[in-house]
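Structural overview
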Amino acid sequence: MPEDSIDHVDFNKLNEKAISQPLVNHIYTADPSAHVFNGKIYIYPSHDIDAGEAFDDLGSHFAMEDYHVISMDSMNSEAIDNGVALHVDDVAWAEKQMWAPDAHEKDGKFYLFFPAKGYDGIFRIGVAISDSPIGPFTPQPKAIKGSFSIDPAVFKDDDGEYYMYFGGLWGGQLQRWRTGTFNATQETSPTAHIPEDHEQALSPKIAKMTDDLLEFSEEPKDVVILDEKGNPLLSGDTDRRFFEAAWVHKYNDNYYFSYSTGDTHFICYAMSKNPYGPFTYGGRILNPVVGWTSHHSICEVEGKWYLFYHDSSLSKGITHLRSVKVTEITYNKDGSIVTLDPYTE
Ligand code: FUB
């Protein structure tokens, strides 16, 4: 349900039809990255606020300043807000826009990976460290060398290697890195530098992490998504091409790369036998929610698989005031994922 239809929405009825309710409703939360650490569920979301910024297609109204970690003892227990885990004022290189984060654990330490805009107006990705999954996190003095764009998602493979997937179009600036360096022309249009419809779509990126999880151990590479004929998805295929919100999980020896299609508002997935891809488009996981953005993670908890996602139903459609929700997903025998409608008929 894209934003242009919200004038006609009866939010009371919509909330009755919603397949799940916000996990917390005392603050706005979005972009949930969920993990199980030491048997407990931890959700690393964006913390949405209304900072009074004007709306634009570069997402300036997403002016978040800090992160809170949400924890749950089990899927049936209360979701706890553990307070401020990291604030932009404590990150030397970051000026604003603390967008979708992720986290991971290694050797008893916890790492928060987060994008933010630097004082030069360029999005980069940083790391902050804690002894606890709920923080507080101490940021590294500089962003990850060679990082750019937004929406980091860190996946730990079965062999113990960690990979970061990242990238996002329009306000996420991925299109401005097409040549390998940042295109600094004063372009205010979000679609400047986007490939033509008949050209290959921009790819999200993958980079293996160093052993200490603080840097990339290689140059970021393209994560290519193929159609059913084995051809890369085209830029004009906006119902299927990657826009933002990368996430990777593994199920039955397949890597699932899931993502948002942005301006068409779907959460989709593609499958591969290799963490680097190429991935073959598989279908939709979630149909459009209330609010422009859609962003999710997929996490196994006690043998069941859950989709953590967000919508703007609590704020009655305010696109930058979102709420994290969770619902179970199911797989078909062939490994495909059953598409969910966020609101029942
Ligand atoms: O929360 C800010 C941005 O909105 C995220 O980085 C995107 O994925 C979208 O959800």
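Shown above is the structure to which this text applies.
So, here is what we can say about the structure in this document. Keep in mind the model is a prediction, meaning the values are calculated, not measured. (Residues numbered from 1 in each chain as written. Predicted model: local features only at pLDDT ≥ 70, side-chain atom pairs only at ≥ 80, totals over all residues. Heavy atoms only, no water.)

**Focus on the pairing of strand β6 (residues 102–106)**
Here β6 lies mainly inside the structure; 4 of its 5 residues are buried. Inspection of the sheet shows β6 paired to strand β7 (residues 109–118) by 5 bridges, in the antiparallel sense. Along β7, the bridge assignment pairs Asp102 with Phe113. Hairpin remark: β6 followed by β7, antiparallel, with 2 residues in the connecting loop; positive phi at Asp107, about 50°. (Buried < 20%, exposed > 50% of the residue type's maximum accessible area, 1.4 Å probe, protein only. Helix = DSSP H or I, 4+ residues; strand = E, 2+ residues; numbered from the N terminus. Pairing = 2+ DSSP bridges.)

**Here's the deal with the sheet that holds strand β10 (residues 153–156)**
Here we have 4 strands laid out as an open sheet, ordered β10-β11-β12-β13, and antiparallel in their pairing. Two strands lie at the open edges of the sheet, namely β10 and β13 (221–222), each paired on one side alone. Where strand β11 (residues 162–166) and strand β12 (residues 205–208) come together, 4 bridges link them in antiparallel fashion. Residue pairing for β12: Tyr163 is matched across the bridge by Lys208.

**Topic: the nonpolar core**
Formed by 41 residues in total, the largest nonpolar core has its most connected members in Phe113, Met164, Tyr165, Met209, Ile225, Phe257 and Tyr259. Among the elements that make up this core, the one with the highest residue count is β11 (5 residues). Of all hydrophobic cores here, the second largest spans 25 residues; its members include Phe37, Val69, Ala85 and Val91. (Core = buried A, V, L, I, M, F, W, Y, C linked by side-chain atoms within 4.5 Å.)

**Observations regarding empty space enclosed by the protein**
The final tally for this structure, using the stated rule, is 4 cavities of 30 Å³ or more. Of the volumes computed, that of the largest cavity is approximately 70 Å³. What lines the largest cavity is Gln200, Ala201, Leu202, Ser203, Pro204, Val223, Val224, Ile225, Pro232, Leu233, Arg241 and Phe242. (1 Å grid on protein atoms, 1.4 Å probe; cavity = no way out; pocket = protein on both sides within 12 Å on 5 of 7 lines; lining within 4 Å. Points joined across faces, edges and corners; volume = space filled by probe spheres on them.)

**Some remarks on the layout of surface pockets**
Taken as a whole, the largest pocket spans an internal volume of roughly 500 Å³. Lining the largest pocket we find 20 residues, and of these His35, His104, Lys156, Cys299 and Glu300 sit closest to its centre. Elements with a contribution of two residues or more to the lining of the largest pocket: β1 (28–37), β6, β10, β15 (244–251) and β19 (297–301). Looking at the lining of the largest pocket, its residues break down into 11 nonpolar, 4 polar and 5 charged. (Nonpolar A, V, L, I, M, F, W, Y, C, P; charged D, E, K, R; others polar.)

**Thoughts on the side chain of Ser315**
Mapped onto the fold, Ser315 is located in the loop between β20 (304–311) and β21 (323–329). The exposure class of Ser315 is buried, given its relative accessible area of 8%. A polar contact of 3.2 Å, which involves the side chain of Ser315, links it to the backbone nitrogen of Ile318. Not counting chain neighbours up to four residues away, the residues in contact with Ser315 comprise Tyr28 and Leu321. (Polar contact = N/O pair within 3.5 Å; in protein donor to acceptor, adjacent residues only side chain to side chain. Contact = heavy atoms within 4.5 Å.)

**Brief notes about the pattern of salt bridges**
Counting across every chain of the model gives 14 salt bridges. Note that Asp131 and Lys109 form a salt bridge whose closest N and O atoms lie 2.7 Å from each other. Taken together, the residues span a long stretch of sequence, with Asp131 in the loop between β8 (123–130) and β9 (138–139) and Lys109 in strand β7 at a distance of 22 residues. For Asp131, a relative accessible area of 59% puts it in the exposed group. Connected through shared salt-bridge partners, Asp31, Asp48 and Arg322 make up one network. (Salt bridge = Lys/Arg side-chain N within 4 Å of Asp/Glu carboxyl O.)

**Points about the site of the ligand**
Every residue near the ligand is listed here: Asp31, Ser46, Met64, Trp99, Ala100, Ile150, Asp151, Glu244, Thr293, His295, His310 and Arg322. Separating an oxygen atom of the ligand from a side-chain N or O atom of Asp31 is a distance of 2.5 Å. Interatomic distance of 2.7 Å between a side-chain N/O atom of Arg322 and an oxygen atom of the ligand. Protein chains bury 99% of the 280 Å² of accessible surface belonging to the ligand in isolation. Taken together, the residues that form the shell around the ligand break down as 4 nonpolar, 4 polar and 4 charged. (Near = heavy atom within 4 Å. Areas by Shrake-Rupley, 256 points an atom, 1.4 Å probe, with all protein chains shown as cover.)

**Observations regarding the environment of Pro232**
In this fold, Pro232 is placed in the loop between β14 (225–226) and β15. Considered as a pair, Pro232 and Ala201 are 31 residues apart in the sequence and their alpha carbons are 7.5 Å apart. Those residues in contact with Pro232 that sit more than four places away from it in its chain are Gln200, Val224, Ile225 and Leu226.

**Quick word on unusual backbone geometry**
Leaving glycine out, the prevailing phi sign among residues is negative, and the prevailing peptide bond configuration is trans. Of note, the bond from Gly135 into Pro136 is cis; its omega dihedral lies within 30 degrees of zero at 0°. Following the sequence through the fold, Pro136 ends up in the loop between β8 and β9. In this structure, Asp31 takes a positive phi of about 50° despite not being glycine. Mapped onto the elements of the fold, Asp31 is located in strand β1.

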